[in-house]
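Single-letter residue listing:
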Amino acid sequence: MSFFKWFFTSMKSQPVQKQPKAPPVQLFSSFAPYGLGVLENDSLKPVEARFNEVFGKYAKYWDHVKARVLKENPDISETEYSWIFLEFKRFLALNIYLNNVGMYSTSVDDIWHEALMFTRDYQEFCRDLLGEMIHHSPHVGDAPQPGEHERALFELVYSLVFRFYPENEQLLGKFGQRRLHPEFVAYARDFDWNRIRRDYFKPNTIVIYEDAVQDLVHHLFNGIQNAPPAAAARNSGRMSSAGRTAASSFNANDVSGAGYGALSALLFYSILNGNDDREGGGGNGSGDSDCSSSSCSSSDSGGSSDNNSSGSGSSCSSSSCSGSSDSGSSCSSSSSCSSSSCSSS
C-alpha cells in the first residue's frame, strides 16, 4: 500500500505538461483559389464560369492594373496580391445580389481605384461582366454611410456564396460582429418575400445572375425561419458567456462545406440573435480595414441606398466613374476619388 501511496503522491506532484500551441496560420503564404471560390451549388457554378470567362477576356487590362498596384505597394507579394484580387472579384460578384455593396478593405479598394484609371476599359469590362457600370462613390458631407445592417447582410450573403478562408477575414475584418436590422428579420419571419426581394436585393437582366439571387434569397429565408431564438442559442453549448460564439470559431471549416450549409451558426447566433454586449469594430488585426478605414462603396447606376440601416460605421461604395477617356484620367488613387474627378474629358 505504501508503494501505491507513494506512486500516486509523486504523480500528483508532477507538473502538468501543457500541450504546445498550434503554430499560427501563415497568411498569404500560398496563392488564392482560382476563380471566385464559390460553394458547390448549381446556381453558383454558371456565375463563376461567366466571371472566369470575362476576366480572362480582359486579362491584359487586369495585368496593367496589377502592375500599377504593385508599383505603388512594393511590400505586397504576388501571393498576397492574389488574395486581394480574389476579394475584389468577390466584391463585384456581390453586386449581383445586393443593391449596395460596402467596400471593407483598403487593399481591395486600391485595386478598384487603379482599375478606374483605365476608364474606357473599366466601363467595357463592367458592362461585359455585369451588364452595367459599377460606380464608385465616396461618402462626403452628410451622405449616409453603410452601417450595422449593411455589414451584417454583406456577411450573410458572402457566406452563402463563397468559401471562407482566414485570408478573407484578414482583409475584410472580423465577421459576426453586427446584426441584421429587426425590420429585415421581421419581413423574413413573416414570409414577406416580395418586400425583402424588392428592398434589399437587386434585380438582374442577366438570367444566370437572377437565378442565383432567387436561389440565395430562398435559402436565406429558410435559414432565418429555422434560426433558434437567442435563449436556445445561449443554451446550446456553443455560446460564450456573452451570449455569442467566439469570433475565432468562424473559420474555413464553418463555411467551406457544400451548398448552402455555409449559413453558419456564428452568423445567426451573433448577428441575428446576438446580444448588445458583442464586440464592436470588427477590425482584422492587420490595420487594413475595420469598416471605417475606407470611405467609398458600390452601387449600380440605378440603385438606391438602403434606408433600413442601423448603427454606424463606414465602408466603401461604388459611384460613378464612367467615361471614355483612356489612362489619362485625372482621378487620383486616394479614397476621395469622386465621380466628377473620374469622368471623361
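The structure this text deals with has already been given above.
In what follows, the accompanying structure is described. (Residues numbered from 1 in each chain as written. Predicted model: local features only at pLDDT ≥ 70, side-chain atom pairs only at ≥ 80, totals over all residues. Heavy atoms only, no water.)

Turning to the nonpolar core, a few remarks are in order. Core analysis: the largest hydrophobic core is formed by 78 residues, its most contacted members being Phe51, Trp62, Tyr97, Phe125 and Phe201. With near-sequence residues (within four places) excluded, Phe125 lies in contact with Val54, Phe55, Tyr58, Tyr61, Trp62 and Leu92. (Core = buried A, V, L, I, M, F, W, Y, C linked by side-chain atoms within 4.5 Å. Buried < 20%, exposed > 50% of the residue type's maximum accessible area, 1.4 Å probe, protein only. Contact = heavy atoms within 4.5 Å.)

Next up on the list: the packing of aromatic side chains. Scanning the entire structure with this criterion turns up 24 aromatic pairs. A centroid spacing of 4.9 Å and a plane angle of 70° characterise the contact between Phe164 and Phe175, whose relative ring orientation is edge-to-face. One end of the pair, Phe164, is in the loop between α7 (148-161) and α8 (166-172); the other, Phe175, is in the loop between α8 and α9 (182-189), with 11 residues separating them in the sequence. Across the pair, Phe175 and Phe164 agree in class, each one buried. Seen from the ring of Phe55, Lys89 lies directly overhead, with NZ or CZ sitting 5.6 Å from the centre. Positioned over the ring face of Tyr104 is Arg151, at 4.6 Å from the centre of the ring. (Phe/Tyr/Trp six-rings, centres within 6.5 Å; stacked < 30°, edge-to-face > 60°. Helix = DSSP H or I, 4+ residues; strand = E, 2+ residues; numbered from the N terminus. Lys NZ or Arg CZ within 6 Å of the ring centre and 35° of its normal.)

Another point: the side chain of Glu210. Mapped onto the elements of the fold, Glu210 is located in helix α11 (residues 207-226). A distance of 2.8 Å separates a polar atom in the side chain of Glu210 from the backbone nitrogen of Asn204. Here Glu210 is in contact with Arg197, Lys202, Pro203 and Asn204, once residues within four sequence places are set aside. (Polar contact = N/O pair within 3.5 Å; in protein donor to acceptor, adjacent residues only side chain to side chain.)

Moving on, we get to the pattern of salt bridges. Any two side chains of opposite charge can pair, given that their charged atoms come close. Enumeration according to the criterion identifies 9 salt bridges in this entry. In this structure, the salt-bridge partner of Asp199 is Arg195, at a minimum N-O distance of 2.9 Å. Remark: Arg195 and Asp199 occur in helix α10 (residues 193-200); sequence separation between them is 4 residues, near one turn of the helix. Asp199 is the salt-bridge partner of Arg198, the closest N and O atoms lying 2.9 Å from each other. Owing to a relative accessible area of 58%, Arg198 belongs among the exposed residues under this scheme. (Salt bridge = Lys/Arg side-chain N within 4 Å of Asp/Glu carboxyl O.)

We now examine the environment of Pro203. Here Pro203 shows up in the loop between α10 and α11. Beyond its immediate stretch of four places on either side in the chain, Pro203 contacts Arg197 and Glu210.

Honestly, that's just the spatial picture; any functional story needs more than this.
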